[in-house]
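Listed here are the chains, written in short residue letters.
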Amino acid sequence: MSEMKIWRSGKTLPLERGGALKDVEIAYHTFGTLNERKDNVVWVNHALTANSDVADWWPHTVECGCFLDPDRWFVVCANIIGSCYGSTGPLSVNPDTGEPFYDSFPKLTIRDMVNAHRMLADELGIRRIHTLVGSSVGGFQALEWIAGEPERFGRLILIATDAKASPWSIAIDETQRMAILSDNSYGEHREDAARDGLAAARAIGLLTYRGPEGYNITQQDRPESCGVEEVPGSHRACTYQQYQGEKLCRRFNAYSYMTILDAFDTHDIGRGRGGVAAALSRVKADTIVVGISTDLIFTVPEMKRLAAMIPGARYEQIDSAFGHDGFLVEHDKLNALLRQ
C-alpha cells in the first residue's frame, strides 16, 4: 500500500498555449524503495481518467514478481495537471480569484503535463530514470518527455500509443466533446455540471476502448433474461453503457475530461523539433513498443511504424479480444513480456 503525496511547488508553470499556472500542486504515489545510487526508478505515466495510484488502476503489475515489482524498483506515478485526483486542475482554486477555475482553466498540452512531471522528478532528486513507462495517453507523456530529455532515461516501454495524435483519435475526442457540450449545464460553476453529457461521452469512448470483440464476449444477453418467444425488453449491452457512464460521473468531472481531451489532441512530439521522425531519432533508450491486436485507437500498423522510427526499438504484440483496454486486462501477458 502507498499513500498519495501532494507536492505543493509554490512555483509557476508557463504553459505552451499561453498563460501560466501559479502555485502548481502535483499528486503522486511511490512504491518500493529508492536505492542509494538512485538508479532503480521506474516512472509510470497514467492514461486519460486514471490517477497516481498505479497499483489500483493497473492490477497485478505492482506486485512481487510482476514487471513493476516494488521489491526491485522504486515506482513513481504522478497525477497529470488538469485531472481531478490531487494535481492542479479545473476544480482547483484559482489563486487570482479565490474561486475554482471550472471552465476558465487554461488550455494545456501534453508538453505542459510533462513539464510538471519534470519539476516533480527534480524535486525528488531523481536525475536518471531507469525505465519510463506509458500506455495510451501515458505513452504520449512518455514520448514527449524522452524527446525533450533523451539522456535522462535508460529504457522505454510504450504500450498502445503514438508519437502524434491521429485524425481518427482526434475525431473520437471531438465526438465526446460534442456529447458534453450538448448538456446545457456545461459552464455552470459546480462540480457536477454536464453530468449527463459526461456519461454519454464515456459511453462513446468505451466503444473505441473495447471494440466489437470485447463487447460480444462480455455483453451477450443472458438466456434467462427472456423467454425463447419473447422480444427482449432490455439488453445487457445497454445497461453496461449506462452503468459505465454513471460510474465515471461518480469519480470524475466534465471540466477535467474536456481539459485532457483538448490536451490529447495537441500531442505531437515533432512540434518545434523538426518533425516526428527527427524527434524519435533522438531516443537513446532501450525501447520496447507493445501493440494490441484488436486496438481500434492505436492500430497494429501504427504501432509497428512507431517502433520502426525509434532507433533499435523492438516491437511486440499482445493478442487480446479487449481492444485498447487490453493493456489493462491482459496483465498476465504483459507481465510475461515485460518482466525481464
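Everything below is about the structure shown above.
This one's a predicted model, so the numbers in the text were calculated from it and none came from an experiment. (Residues numbered from 1 in each chain as written. Predicted model: local features only at pLDDT ≥ 70, side-chain atom pairs only at ≥ 80, totals over all residues. Heavy atoms only, no water.)

Caption draft 1: Expanded view of the packing of aromatic side chains. Applying the stated rule across the entire model yields 13 aromatic pairs. With a centroid separation of 5.8 Å and an interplanar angle of 85 degrees, the aromatic rings of Tyr 215 and Tyr 240 are classed as edge-to-face. On the criterion of sequence distance, the pair formed by Tyr 215 in helix α5 (residues 195-218) and Tyr 240 in helix α6 (residues 236-249) is long-range, its members being 25 residues apart. Tyr 240 carries the same exposure label as Tyr 215, and that label is buried. Three or more aromatic residues joined by ring pairs form one cluster here, namely Trp 57, Trp 58, Phe 67 and Phe 327. (Phe/Tyr/Trp six-rings, centres within 6.5 Å; stacked < 30°, edge-to-face > 60°. Helix = DSSP H or I, 4+ residues; strand = E, 2+ residues; numbered from the N terminus. Buried < 20%, exposed > 50% of the residue type's maximum accessible area, 1.4 Å probe, protein only.)

Caption draft 2: Quick look at empty space enclosed by the protein. If you walk through the whole model with that rule in mind, you get one cavity of 30 Å³ or more. Size it by volume and the largest cavity reaches roughly 30 Å³. Forming the walls of the largest cavity are Asp 162, Lys 164, Ala 165, Ser 166, Ser 169, Ile 297, Phe 298 and Glu 302. A breakdown of the residues in the lining of the largest cavity according to their chemical character gives three nonpolar, two polar and three charged. (1 Å grid on protein atoms, 1.4 Å probe; cavity = no way out; pocket = protein on both sides within 12 Å on 5 of 7 lines; lining within 4 Å. Points joined across faces, edges and corners; volume = space filled by probe spheres on them. Nonpolar A, V, L, I, M, F, W, Y, C, P; charged D, E, K, R; others polar.)

Caption draft 3: The layout of surface pockets, seen in detail. Its volume calculated, the largest pocket comes out at about 790 Å³. Taken together, 33 residues make up the lining of the largest pocket; nearest its centre are Thr 49, Arg 202, Arg 251, Asp 325 and Leu 328. Of all the secondary structure elements, the ones that give two or more residues to the lining of the largest pocket are α1 (54-57), α4 (167-181), α5, α6, α7 (254-265) and α10 (326-329). Here the residues of the lining of the largest pocket are counted per class, giving 19 nonpolar, seven polar and seven charged. The computed volume of the second largest pocket comes to approximately 330 Å³. In this structure, the second largest pocket is lined by 19 residues; those nearest its centre are Arg 155, Ile 157, Ile 288, Leu 338 and Gln 340. For the lining of the second largest pocket, the per-class residue count stands at ten nonpolar, four polar and five charged.

Caption draft 4: Molecular detail of the packing of α4 against α5. Packing of α4 against α5 brings their axes to within 7 Å, and their N-to-C directions diverge by 160 degrees. When the axis of α4 is compared with that of α5, the two are roughly antiparallel. For the element pair α4 and α5, the recorded crossing hand is right-handed. Here α4 contributes Ile 172, Thr 175, Gln 176, Ala 179 and Ile 180 to the contact with α5, which in turn contributes Gly 197, Leu 198, Ala 200, Ala 201, Arg 202, Ile 204, Gly 205, Thr 208 and Tyr 209. Each residue belonging to the contact of α4 with α5 can be placed in one class, and the counts come to eight nonpolar, five polar and one charged. (Axes fitted to C-alpha atoms, helices over the stretch in contact; angles between N-to-C directions. Parallel < 35°, antiparallel > 145°, perpendicular 65-115°, else oblique. Left-handed = near helix turned anticlockwise from the far one by under 90°. Contact = heavy atoms within 4.5 Å.)

Caption draft 5: Representation of the pairing of strand β10 (residues 314-318) in the model. Of the pairings in the sheet, the one linking strand β9 (residues 286-292) to β10 comprises five bridges and is parallel in character. Within the sheet, the bridge partner assigned to Ile 292 lies in β10 and is Ile 318. Since β9 and β10 lie parallel, the crossover through helix α9 (residues 300-309) that links them has a hand, and here it is right-handed. (Pairing = 2+ DSSP bridges. Right-handed = clockwise from strand over helix to strand, strands pointing away.)

Caption draft 6: The arrangement of the packing of α4 against α7 in detail. Taken N-terminus to C-terminus, the directions of α4 and α7 make an angle of 155 degrees; their axes are 10 Å apart at the nearest point. On the basis of the axis angle, α4 is roughly antiparallel to α7. When the axes of α4 and α7 are compared, the crossing they make is left-handed. In this structure, α4 contributes Ser 169, Ile 170, Asp 173, Gln 176, Arg 177, Ile 180 and Leu 181 to the contact, and α7 contributes Ala 254, Tyr 257, Met 258, Leu 261, Asp 262, Phe 264 and Asp 265. Across the contact of α4 with α7, the residue classes tally to eight nonpolar, two polar and four charged.

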